[in-house]
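# Residue-level structure breakdown
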Amino acid sequence: QVQLVESGGGLVQAGGSLRLSCVASGRTFSSYIMAWFRQAPGKEREFVATITWSGGTYYADAVKGRFTISRDNAKNTVYLQMNSLKPEDTAVYYCALNPSIAVADTTDRRSYPSWGQGTQVTVSS
């Protein structure tokens with residue numbers, strides 16, 4: 001069993017920045033894929049970004065060029081640096097983990113068996 005704990009959310013004005021962190025603990029894996037998803041009120045949970053063990057990244061079009069996902073494998077931690085935030089980025093942000101080297105679709109939330117509790121990000125206009 002792996003536990004994921006997110007932190008770093010908060011209230012920020014449009015154009016501002018936030019950095020989210022997610023620490024994985026419990027059962028460890030030799031390699032795994034980590035991702036960030038978000039869910040706004042009344043909407044489906046949507047893919048934001050993903051990163052492989054070796055550092056390969058992929059982003060949703062809505063955040064490309066503004067968000068950066070990174071990881072520190074020694075600390076079992078993944079980060080999401082969010083710049084140029086917009087009101088439409090307001091959501092609960094979730095960290096997710098898949099204990100595999102590769103998955104068929106890293107943008108599908110069903111690919112991730114482990115989830116954090118979420119952290120709220122609110123961007124005011």
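Just above, that's the structure.
Parameters at a glance
- Residues numbered from 1 in each chain as written.
- Predicted model: local features only at pLDDT ≥ 70, side-chain atom pairs only at ≥ 80, totals over all residues.
- Heavy atoms only, no water.
- Disulfide = S-S within 2.5 Å.
- Helix = DSSP H or I, 4+ residues; strand = E, 2+ residues; numbered from the N terminus.
- Buried < 20%, exposed > 50% of the residue type's maximum accessible area, 1.4 Å probe, protein only.
- Pairing = 2+ DSSP bridges.
- Axes fitted to C-alpha atoms, helices over the stretch in contact; angles between N-to-C directions.
- Salt bridge = Lys/Arg side-chain N within 4 Å of Asp/Glu carboxyl O.
- Phe/Tyr/Trp six-rings, centres within 6.5 Å; stacked < 30°, edge-to-face > 60°.
- Lys NZ or Arg CZ within 6 Å of the ring centre and 35° of its normal.

### What to know about the state of the cysteines
What the rule picks out here adds up to one disulfide. What pairs with Cys22 in a disulfide is Cys95, and their sulfur atoms sit 2.1 Å apart. Its S-S torsion of about -80° marks the bond between Cys22 and Cys95 as left-handed, since a negative value means left-handed. Separated by 73 residues along the polypeptide, Cys22 in strand S3 (residues 18-26) and Cys95 in strand S9 (residues 91-98) bring together distant segments of the chain. Look at Cys22 and you get buried, because its relative accessible area is 0%.

### Details of the sheet that holds strand S7 (residues 67-72)
The sheet built from four strands is open, its strands ordered S1-S3-S8-S7 with antiparallel pairing. Because the sheet does not close on itself, it has two edges, and the strands there are strand S1 (2-7) and S7. Within this sheet the neighbouring strands show an average axis-to-axis angle of 15°, counted without direction. Note that S3 and strand S8 (residues 77-82) share six bridges and pair antiparallel. Following the sheet pairing, Leu18 is matched in S8 by Met82.

### Some remarks on the pattern of salt bridges
Opposite charge on two side chains makes pairing possible when the charged atoms of those side chains draw close. A full pass over the atoms with the stated rule returns six salt bridges. For the salt bridge of Asp61 with Lys64, the shortest nitrogen-to-oxygen distance reads 3.1 Å. With relative accessibility at 67%, the residue Asp61 sits in the exposed group. Three or more residues joined by partner-sharing salt bridges are found here, namely Arg38, Glu46, Arg66 and Asp89.

### Focus: the packing of aromatic side chains
What describes a pair of aromatic rings is the distance from one ring centre to the other and the angle between the planes of the rings. Scanning the model with the defined rule gives seven aromatic pairs in all. Centre to centre, the rings of Tyr94 and Trp115 are 6.5 Å apart; their planes meet at 80°, and the pair counts as edge-to-face. Highlighted residues: Tyr94 in strand S9 and Trp115 in strand S10 (residues 114-115), separated in sequence by 21 residues. Taken together, the aromatic side chains of Phe37, Phe47, Tyr58, Tyr94, Tyr112 and Trp115 make up a single cluster linked through ring pairs. Its end group placed over the ring of Tyr94, Arg45 keeps NZ or CZ at 3.6 Å from the ring centre.

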